[in-house]
Amino acid sequence: MDNYKYQTTENANKQLETIHENNFQVNLISNSITENTNMLDIENEDNDYFSHSNKNTDIFLKHTYLYFYYGGYKGYLSQKIKKIINKTFTLFFSSYLLLMINWKSLFDNKDFIYSSPITQNPIYYFVLIYFILYSFQLFFYLLSNIKDLFYIRKVKNLYQDKLKLNDTQLFGIKWNEITNNIVELHNKTNYKLYNYEGQLSSYIINHNISRINNYMIALINHNILKTQTGCLIFTSTYITKDIEWFIKNIFLYNSFTFNNRLNYEYIRSIHKISIYFKIFGIFYLFFIPFKLTYYIITFIFNHAEDIKSKRKDTDISKFGWTNHAKWTFREYNELDHIFNKRLQASYIYADMYKQQYYKPLNNSINSCIIFICKAFLSVIVLITIIDDELLLNMNIMNKNLLWYIALFSFIISFSKIGTSNPESLIYSPEKIMKNIAIYTHYMPDIWKNNCNKLFVREQFNTLYISKIKMFLYDIYYILLSPIIYFFIIPNCAQQVFNFIQDSSEQLNGVGDVCSYSNLEKKLDNNIVNNYRQKITKSYINYKTHNPSWTEDVNNKIIEDIEKKPVEEKELKDFFLHHPTNNKMDYYLWKLNE
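What you are looking at is a predicted structure, and each value in this text was computed from that prediction instead of being measured.

Analysis parameters
- Residues numbered from 1 in each chain as written.
- Predicted model: local features only at pLDDT ≥ 70, side-chain atom pairs only at ≥ 80, totals over all residues.
- Heavy atoms only, no water.
- Helix = DSSP H or I, 4+ residues; strand = E, 2+ residues; numbered from the N terminus.
- Buried < 20%, exposed > 50% of the residue type's maximum accessible area, 1.4 Å probe, protein only.
- Contact = heavy atoms within 4.5 Å.
- Core = buried A, V, L, I, M, F, W, Y, C linked by side-chain atoms within 4.5 Å.
- Axes fitted to C-alpha atoms, helices over the stretch in contact; angles between N-to-C directions.
- Parallel < 35°, antiparallel > 145°, perpendicular 65-115°, else oblique.
- Left-handed = near helix turned anticlockwise from the far one by under 90°.
- Nonpolar A, V, L, I, M, F, W, Y, C, P; charged D, E, K, R; others polar.
- Bend = angle between axes of the 7 residues up to and from the residue.
- Polar contact = N/O pair within 3.5 Å; in protein donor to acceptor, adjacent residues only side chain to side chain.
- Salt bridge = Lys/Arg side-chain N within 4 Å of Asp/Glu carboxyl O.
- Phe/Tyr/Trp six-rings, centres within 6.5 Å; stacked < 30°, edge-to-face > 60°.
- Lys NZ or Arg CZ within 6 Å of the ring centre and 35° of its normal.
- Patch = residues over 30% accessible without salt bridge, like charges linked within 9 Å, V, L, I, M, F, W, Y side chains within 5 Å.
- Areas by Shrake-Rupley, 256 points an atom, 1.4 Å probe, with all protein chains shown as cover.
- Pairing = 2+ DSSP bridges.

**Comments concerning the overall build of the protein chain**
- Of the regular secondary structure elements, the protein chain holds 25 helices and 10 strands.
- Within the span of the protein chain, comprising 593 residues, buried residues form 49% of the whole.
- Counting only contacts in the protein chain whose residues sit at least 6 apart along the sequence, the fraction spanning at least 24 positions is 74%.

See the structure below:
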């Protein structure tokens, strides 16, 4: 094992440099999202208010951003239509499979299509209820999208009539440039996005868009959602999409009035809200079988090809950051296109860190299983070359050869996930983790100089997990949902609402916002002097991607960082090996040392 266990640090550095060069095509992370300061020519228009409701303005600004994010009106509509088609097809096709196919007869090689499913299918009423429930969900989803069309038509008017930007032009423009032109339109003409007489700024626009996300980031980073009851401990490192949706809509959206001020009447009615949670938890008991069925079928539809595929880079074999990890990494006021790009660049290094630990026992077992399965497959291939009709006609234990091809292919694909080539491993955990931290902005002090230790690897493995493990976690949480909604959430509701009240402050032009996300207020000395704090990193990150932001209350942070001595060779190597050309990314990297 010592002959090939790990490569030297020098060879590891060379491999890292090769990977950086191969990955250089993503060298647009900072460049593609910073501003172009050229302003568009904006015509003066008659006085025109979009809405008298600040909350409607929030929605309008979010759709303004989504319009940019999806590449214009056609891109936005195509995304909506794609999701509707996928949901509709999944509902009808899954209902057909459950209703018309006799799965028991299918395995027995008998007639597997019900001629009269109403009388023959024992789960007919289950399928009927399943179809009705998800038809209602699809109906309300359609209504929601129809409502969104009202806003997107106004957004289209803003882009094409006011800003003179068509869908084609959006591909070569930055979000900063769009917000700057919206600001000029609001401040220098009679056109108003909403009834706000003060000077609009890009910071106000971005803060309106990020209001709910900022509270979510604060809740996660302050461990407010970490709860337990009895002997059942609900990990604080995994949050399902359903629970995330529930927190955003029940806790956060409803906590604000239509003028974006805190709704104290709602926040203080904890007893009534707890009753609603418990009623929902009881109802969810009935919903679990249908939710599980839909979720499992959707997962199979998405990954069936991966299961049979012999490729090693199938989607189902990949790893990803959990929802909890993403909310931990996200900075205050950070928009999706910025966050997703830096997170995407982190995967190559996260995979390197995940795979660098060679497990000889697991590797030997998986390699042995793969060899045996390939041996059986080679015999089947040889038989089919001799006589291809034997593929369907020859049965072994009442299964034809085609069934065994699918079985062995699945076993091989699954075994390859846990197999690694020791000759290609890189033993440089500290350097790899720093490369991860460049894009995640996350490296706890306890990890530093300990990245080769088992406890760091175990903590990392709770944040970066396989798609299969995510699937199993989601199944686990679906089964426990009644307990979560009946016991867990009501017990932590008071703590969540107290946090929302205590961490809120008013910002002109925005309303009540999370105080941790207000980067235009003076940070106290304790935070300013500690560059590893979340707020400071958020400030640097926002300043990096919004260079025209003129707020200079905390400019001392940037000045202090820029005064730090910089080794020119180190700086040059950093820009050469990492997909960025922004000096502030280098400073963020230095913070993790």
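**Points about the environment of S413**
- With respect to the secondary-structure elements, S413 resides in helix 17 (residues 401-417).
- Along the primary structure S413 and I316 are separated by 97 residues, whereas in three dimensions their C-alpha atoms are 9.6 Å apart.

**Section: unusual backbone geometry**
- One non-glycine residue, N260, adopts positive backbone phi at about 60°.
- With respect to the element layout, N260 can be found in the loop between helix 10 (241-252) and helix 11 (264-267).
- Positioned with a positive phi, N449 is a non-glycine residue whose angle comes to about 65°.
- You can see N449 is positioned in the loop between helix 18 (429-440) and helix 19 (454-463).

**Brief notes about the environment of H186**
- Its location among the elements puts H186 in helix 8 (residues 175-188).
- Among the residues examined, H186 registers a relative accessible area of 1% and is labelled buried.
- When the C-alpha atoms of H186 and Y196 are compared, they prove to be 9.4 Å apart, with 10 residues separating the residues in sequence.
- Ignoring sequence-local partners within four residues, the contact set of H186 consists of Y191, K192, L193, Y194, Y196, G198 and L200.

**Things to note about the nonpolar core**
- Judged by nonpolar contacts, the single largest core of 97 residues is most densely connected at Y159, W175, I178, L193, F251 and F497.
- Residue contributions to this core peak at 16 residues, all from helix 20 (residues 467-502).
- By size, the runner-up hydrophobic cluster in this structure holds 24 residues, among which are A325, Y439, M443 and V456.

**Re the packing of helix 8 against helix 9 (residues 202-221)**
- At a minimum axis distance of 9 Å, the contact between helix 8 and helix 9 shows a crossing angle of 110°. When the axes of helix 8 and helix 9 are compared, the pair comes out roughly perpendicular. The element helix 8 and its partner helix 9 pack so that their crossing is right-handed. Here helix 8 contributes W175, T179, N180, I182 and V183 to the contact with helix 9, which in turn contributes S202, I205, N206 and I209.
- Of the residues assigned to the contact of helix 8 with helix 9, the class counts are five nonpolar, four polar and no charged.

**Describing helix 9**
- Along helix 9, the largest kink reaches about 60° and is centred on S210.
- Most of helix 9 is tucked away: 19 of the 20 residues are buried.
- One or two positions beyond helix 9, positive phi appears at N223, with a value near 55°.

**Quick look at the side chain of N546**
- Assignment of secondary structure puts N546 in the loop between helix 22 (534-545) and helix 23 (555-563).
- Here N546 falls in the buried class, since its relative accessible area comes to 9%.
- A polar side-chain atom of N546 sits 3.2 Å from a polar atom in the side chain of N176.
- Among residues more than four places away in sequence, those in contact with N546 are N176 and N206.

**A closer look at the pattern of salt bridges**
- Here the structure, examined in full by the defined rule, presents 10 salt bridges.
- Note that R330 and D336 form a salt bridge whose closest N and O atoms lie 2.6 Å from each other.
- Looking at R330, the relative accessible area reads 8%, which means it is buried.
- Residue D336 is classed as partly exposed on the basis of its relative accessible area, which comes to 27%.

**Description of the packing of aromatic side chains**
- One pass over the structure, following the stated rule, counts 53 aromatic pairs.
- Judged by centre distance (4.1 Å) and plane angle (25°), the ring pair of F299 and F471 falls under stacked. Within this pair, whereas F299 is found in helix 12 (residues 270-308), its partner F471 is found in helix 20, the two being separated by 172 residues in sequence.
- Centre to centre, the rings of W321 and F460 are 5.7 Å apart; their planes meet at 80°, and the pair counts as edge-to-face. Taken together, the residues W321 in strand 5 (residues 319-321) and F460 in helix 19 connect sequence positions 139 residues apart.
- Over the aromatic face of Y73 sits the side chain of K156, whose NZ or CZ is 4.2 Å from the ring centroid.

**Notes on a nonpolar patch on the surface**
- Taken together, the side chains of Y125, L128, I132, F136, F139, F140, L143 and I146 define a hydrophobic patch exposed on the protein surface, amounting to about 840 Å² of accessible area.
- Relative to the elements of secondary structure, L128 occurs in helix 6 (residues 124-162).

**Looking at the pairing of strand 10 (residues 511-514)**
- Of the pairings in the sheet, the one linking strand 9 (residues 504-507) to strand 10 comprises four bridges and is antiparallel in character. Following the sheet pairing, S504 is matched in strand 10 by C514.
- The hairpin turn running from strand 9 into strand 10, its antiparallel successor, is three residues long, and G509 in that turn takes a positive phi close to 85°.

**A few points about the packing of helix 10 against helix 20**
- With their axes 11 Å apart at the nearest point, helix 10 and helix 20 run at an angle of 35° to one another. Helix 10 and helix 20 meet at a crossing whose hand is right-handed. Between helix 10, through D242, I243, F246, F251 and L252, and helix 20, the contact on the second element is made entirely by Y477, I484, Y485, I489, A493, V496, F497 and I500.
- Across the contact of helix 10 with helix 20, the residue classes break down as 12 nonpolar, no polar and one charged.

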